[in-house]
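Structural description and commentary
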Amino acid sequence: MALPHDSNETSYLLPPNNEDWDRQAIPDFVYRQKDLMAEGIQWPRNAPGILEALPQSPFDAALCSAWKQRVELGLFRYRLRELQTQILPGAVGFVAQLNVERGVQRRRPQIIKSVRQAFDPEQFNFNKIQPGEVLFRLHREPDLPGTLLQEDILVVINVSPLEWGHVLLVPEPARGLPQRLLPGALRAGIEAVLLSLHPGFRVGFNSLGGLASVNHLHLHGYYLAHRLPVEQAPSKPLDPGGHLHLLQGLPAPGFLFYTRGPGLDLESLICRVCRATDYLTDHEIAHNLFVTRGAPPGKTSPSSALTGVRVILWARKSCFGIKDGEAFNVALCELAGHLPVKTSQDFSSLTEAAAVALIQDCRLPPSQAEESAAHHGHLDIYFHGCLLTYLSLKRRIKKELIMIFLKVS
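In this text the structure is predicted, and so the values were computed from the model without any measurement.

Cut-off values and rules
- Residues numbered from 1 in each chain as written.
- Predicted model: local features only at pLDDT ≥ 70, side-chain atom pairs only at ≥ 80, totals over all residues.
- Heavy atoms only, no water.
- Axes fitted to C-alpha atoms, helices over the stretch in contact; angles between N-to-C directions.
- Helix = DSSP H or I, 4+ residues; strand = E, 2+ residues; numbered from the N terminus.
- Parallel < 35°, antiparallel > 145°, perpendicular 65-115°, else oblique.
- Left-handed = near helix turned anticlockwise from the far one by under 90°.
- Contact = heavy atoms within 4.5 Å.
- Nonpolar A, V, L, I, M, F, W, Y, C, P; charged D, E, K, R; others polar.
- Salt bridge = Lys/Arg side-chain N within 4 Å of Asp/Glu carboxyl O.
- Buried < 20%, exposed > 50% of the residue type's maximum accessible area, 1.4 Å probe, protein only.
- Core = buried A, V, L, I, M, F, W, Y, C linked by side-chain atoms within 4.5 Å.
- Pairing = 2+ DSSP bridges.
- pLDDT = per-residue confidence, 0-100.

**Some details on the packing of helix H3 (residues 183–195) against helix H4 (residues 264–282)**
Viewed as axis vectors pointing N to C, H3 and H4 meet at an angle of 130°, and their least axial separation amounts to 10 Å. If you check the angle between H3 and H4, you find them oblique. By crossing handedness, the relation of H3 to H4 is classed as right-handed. Contacts from Pro183, Leu186, Arg187, Ile190 and Glu191 in H3 reach Leu266, Glu267, Leu269, Ile270, Val273 and Cys274 in H4. Class assignment of the residues belonging to the contact of H3 with H4 gives a composition of eight nonpolar, no polar and three charged.

Right, here's the structure in full:
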């Protein structure tokens, strides 16, 4: 992907002398609700992979200019060039990209043994990064009565990038929060998507056991100049009120939440999602989450407007560590349909069937679902109209989880 237009914004750039980086205060990117753009974002009709002509928001300009400067300064583990990309033939529409250097040079994952593992200050964490790796601080100013004060979020380069503009959103790193999703972090991730005019800026979260490599709370954000299957995938409602849907048509079905933009609807969605991720964490169930602009539930036409934000949550089998022999590792972007492939051989031979098999191998094992259901069978509450086919979860735990999703309306 070509980097979007350069920005004339200079306040997010590092001073020329690296000896001054330690002394430079982290700049704030301050925004208000009026800066969150919920509608009117579209993929170019004729050339969706060419985004140079798209307008930039102030957020895009700040991120892209600062990120590009860090590339020129050599702060990444490798210099990311335009990645060889192909759309795998088949019904899903996987976007496969060859990213050999990430597979070879990324930091080895920490030793993780539990989805609920505590933060360990002796392990690598985001308090130990170089000063130049921080781009800016996201700061939301409350501008409506009753609006919660948004905690500050550091926007940090991912030194082993998946794509152009790959950053990490890190809430107040000095607090030493473990990799467990919190409402403030999710709100910042969704609002980052709404701050961008780029239809391919996405945000995601990997839990421990869901391929998070650092046990320090963070979300990923990056630009990808391609549509992904999750933007338009069909779904079925799981409740009469339409708050929760089951995303279908993908190798791993997921829970789909949708919001048209900021306001009470977004706050309700954040509460429901975080209650669900708390449930999954408490029961040692790994999970991945993906935030993207997309069509409302039930709208599947490729030409449908990206009129809101889709948040997809997948429960999955725990995987601690990297599987070096696989073409790709299954985490947030792979479940969404973006496949960063490690070797040229795998990239040239990868088929949709092989990709589907790798993703489906990460489904939650029945034994874990049965154990959790046995401990919580007293909450076996009938819920009309629920689809009880999600992953391999047993009926009782599915109903319990769905009730948790819907508790906050």
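**Considering the pattern of salt bridges**
Summed over all chains, the structure comprises 13 salt bridges. Ionic pairing is found between Arg137 and Asp28, a salt bridge with its closest N-O pair at 2.7 Å. Taken as a pair, Arg137 in strand S4 (residues 134–140) and Asp28 in strand S1 (residues 28–31) lie far apart in primary sequence, 109 residues in all. Among the residues examined, Asp28 registers a relative accessible area of 39% and is labelled partly exposed. Its salt-bridge partner being Arg187, residue Glu267 comes within 2.7 Å of it at the nearest N-O pair. Taken together, the positions of Glu267 in helix H4 and Arg187 in helix H3 put the pair 80 residues apart, joining distant regions of the chain. Residue classification places Glu267 among the partly exposed positions, given a relative accessible area of 25%.

**So, the nonpolar core**
One finds Phe59, Trp67, Phe136 and Ile190 to be the most contacted residues of the largest nonpolar core, which totals 66 residues. Residues Leu98, Leu250, Val341 and Leu358 belong to the second largest nonpolar core, which totals 35 residues.

**Quick look at the sheet that holds strand S14 (residues 338–341)**
Taking strand neighbours across the sheet as the criterion, the three strands line up as S2-S3-S14 in an open arrangement whose pairing is mixed. Unpaired on one side and paired on the other, strand S2 (85–87) and S14 mark the two borders of the sheet. Averaged over all neighbouring strand pairs, the angle between strand axes comes to 20°, with direction disregarded. As paired elements, S2 and strand S3 (residues 95–98) share three bridges and run antiparallel to each other. The residue bridging Gln86 from the neighbouring strand is Ala96, located in S3.

**A closer look at the sheet that holds S4**
Strand-to-strand pairing in sheets goes through backbone hydrogen bonds, with the strands running parallel or antiparallel. The mixed open sheet is built from 11 strands, whose spatial order is S1-S4-S5-S6-S8-S7-S12-S13-S11-S10-S9. Looking along the sheet, the strands with just one partner apiece sit at the ends: S1 and strand S9 (235–237). The mean angle between the axes of side-by-side strands here comes to 25°, regardless of whether they run parallel or antiparallel. With five bridges joining them, strand S11 (residues 254–259) and strand S13 (residues 308–316) adopt antiparallel strand pairing. Looking across to S13, one finds that Thr259 is bridged to Val309. Contacts from helix H1 (residues 58–72) reach S1, S4, strand S5 (153–157), strand S6 (167–171), strand S7 (201–206) and strand S8 (219–223), with the element oriented near 160° to S4. Against the sheet, H4 engages S11, strand S12 (286–294) and S13, with an angle of about 160° to S11.

**Concerning unusual backbone geometry**
Phi at Glu172 is positive, roughly 35°, even though this residue is not glycine. With a relative accessible area of 31%, Glu172 lands in the partly exposed category. Unusually for a residue other than glycine, Glu284 sits at a positive phi of about 55°. Structurally, Glu284 is set in the loop between H4 and S12. Looking at Glu284, the relative accessible area reads 21%, which means it is partly exposed.

**Topic: the confidence of the model for the chain**
On average, the chain scores 84 in pLDDT, and the residues at 70 or more come to 80%. Within the model, the stretch residues 1–9 combines pLDDT values under 50 with 27 contacts to residues more than four positions away or in other chains. Across residues 369–392, where pLDDT falls below 50, the model places 55 contacts with residues more than four positions away in sequence or in other chains.

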